[in-house]
Amino acid sequence: MKLTTRGHYSVKALLDLTLHPSRRPVSVHTIAARQGLPPPYLEKLLIELRRAGIVESVRGPQGGYRLAKPADQIFLGQILAAVGEQVDPLPRHSPQADQAEDWVTFAVWNRLSQKLNEALYSISLEDLYFDARSWQAAQGDDVSFVV
């Protein structure tokens, strides 16, 4: 599986929002500046994440985005699916009926895909946040929280 820019930027933005436990909305420009992301592209991703119920938006001068639910209830698989990431290893492949090797390969990739999906839906945003914080602490005080 290859994580595309859409998936990577989405996870970075959501990890940035976990820094704000006060649940105050954070503007797209603030997230983009901290994470080094292009604001217009980030806005499109956040709209998709809002449609999926992962973030909520608040209008007005103090508006922006915030997590729609606690970070331990948002899973990597949900984030990636919300922005259209595909996990299928062989999306348009059908094995040839007369070739046993083709069926074996197809079965192996299907099992791997199933295990990958299980893993993606077991890793929460909170897990990723603590992993990032642990890495940051190991690097020292002068490292900023950029994923």
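As a starting point, this report considers the structure included with it.

Analysis parameters
- Residues numbered from 1 in each chain as written.
- Predicted model: local features only at pLDDT ≥ 70, side-chain atom pairs only at ≥ 80, totals over all residues.
- Heavy atoms only, no water.
- Helix = DSSP H or I, 4+ residues; strand = E, 2+ residues; numbered from the N terminus.
- Buried < 20%, exposed > 50% of the residue type's maximum accessible area, 1.4 Å probe, protein only.
- Contact = heavy atoms within 4.5 Å.
- Areas by Shrake-Rupley, 256 points an atom, 1.4 Å probe, with all protein chains shown as cover.
- Expected span 1.5 Å × (residues − 1).
- Arc of directions from axis to C-beta.
- Core = buried A, V, L, I, M, F, W, Y, C linked by side-chain atoms within 4.5 Å.
- Patch = residues over 30% accessible without salt bridge, like charges linked within 9 Å, V, L, I, M, F, W, Y side chains within 5 Å.
- Salt bridge = Lys/Arg side-chain N within 4 Å of Asp/Glu carboxyl O.
- Lys, Arg positive; Asp, Glu negative; His and termini not counted.
- Charge placed at Lys NZ, Arg CZ, Asp CG, Glu CD.
- Pairing = 2+ DSSP bridges.
- Axes fitted to C-alpha atoms, helices over the stretch in contact; angles between N-to-C directions.
- Parallel < 35°, antiparallel > 145°, perpendicular 65-115°, else oblique.
- Nonpolar A, V, L, I, M, F, W, Y, C, P; charged D, E, K, R; others polar.
- Phe/Tyr/Trp six-rings, centres within 6.5 Å; stacked < 30°, edge-to-face > 60°.

### What to know about the overall build of the protein chain
Item 1. The helix and strand inventory of the protein chain stands at 6 helices and 2 strands.
Item 2. The N-to-C order of helical and strand elements in the protein chain reads α-α-α-β-β-α-α-α.
Item 3. For the protein chain, with 147 residues in total, the buried portion stands at 33%.
Item 4. Sequence-distant contacts, at least 24 apart, represent 64% of the contacts inside the protein chain between residues at least 6 apart.
Item 5. Accessible surface, the protein chain as shown: approximately 9,000 Å² in total, 53% of it carbon and sulfur.

### Quick notes on helix H3 (residues 39-51)
Item 1. Helix length check: H3 (13 residues) gives 18 Å between terminal C-alpha atoms against 18 Å at 1.5 Å per residue, within 8%.
Item 2. Those residues of H3 lying buried are Leu42, Leu45, Leu46 and Leu49. Relative to the axis of H3, the buried residues are bounded by an arc of 100 degrees and lie together on one face. Those residues of H3 that are exposed and angled more than 90 degrees off the buried face are Pro40, Lys44 and Arg51.
Item 3. Of the surrounding elements, those touching the buried residues of H3 are helix H1 (5-17), helix H2 (28-35), strand S1 (55-58), strand S2 (64-67) and helix H4 (76-82).

### Some words on the nonpolar core
Item 1. Core analysis: the largest hydrophobic core is formed by 29 residues, its most contacted members being Leu14 and Leu49.
Item 2. Counting residues per element, the ones that place at least two in this core are H1, H2, H3, S2, H4 and helix H6 (125-139).
Item 3. Here this core takes 6 residues from H1, the largest share from any one element.
Item 4. Residues within four places of Leu14 in sequence aside, it is in contact with Leu49, Ile54, Val55, Leu67, Ile79 and Leu125.

### Digging into a negative patch on the surface
Item 1. A surface patch of negative charge is lined by Asp72, Glu126, Asp127 and Asp131.
Item 2. Considering the arrangement of structural elements, one finds Glu126 in helix H6.

### Describing the pairing of S2
Item 1. Summarising the sheet, S1 and S2 pair through 4 bridges and their orientation is antiparallel. Bridging across to S2, Glu56 finds its partner in Arg66.

### Brief notes about the packing of H1 against H2
Item 1. Two numbers describe how H1 lies on H2: the axes approach to 10 Å, and their chain directions differ by 110 degrees. Taken as axis vectors, H1 and H2 run roughly perpendicular relative to one another. Along the contact surface, H1 presents Lys12, Ala13, Asp16 and Leu17, while H2 presents Ile31, Arg34 and Gln35.
Item 2. Here the residues of the contact of H1 with H2 are counted per class, giving 3 nonpolar, 1 polar and 3 charged.

### Examining the packing of aromatic side chains
Item 1. This structure, assessed with the given rule, holds 2 aromatic pairs.
Item 2. Here Tyr9 and Tyr41 contribute two aromatic rings whose centre-to-centre distance is 5.7 Å and whose plane-to-plane angle is 75 degrees, an arrangement assigned as edge-to-face. Pair noted here: Tyr9 is in helix H1 and Tyr41 is in helix H3, with a separation of 32 residues, a long-range link.
Item 3. Taking relative accessible area as the criterion, Tyr41 reaches 26% and is therefore assigned partly exposed.
Item 4. Considering the side-chain rings of Tyr129 and Phe130, the 5.4 Å spacing of their centres and the 65 degrees angle between planes classify their relative orientation as edge-to-face.
Item 5. For Phe130, a relative accessible area of 46% translates into the label partly exposed.

### Things to note about the pattern of salt bridges
Item 1. Within the structure shown, the criterion is met by 4 salt bridges.
Item 2. Note that Asp16 is salt-bridged to Arg34, the shortest N-O span being 2.6 Å. With Asp16 in helix H1 and Arg34 in helix H2, the pair connects residues that are 18 residues apart, well separated along the chain.
Item 3. Across the salt bridge formed by Lys115 and Glu118, the nearest N and O atoms sit 3.9 Å from each other. Here Glu118 and Lys115 lie together in helix H5 (residues 100-120), a separation of 3 residues that amounts to about one turn.

Worth remembering: the numbers are spatial, not functional.
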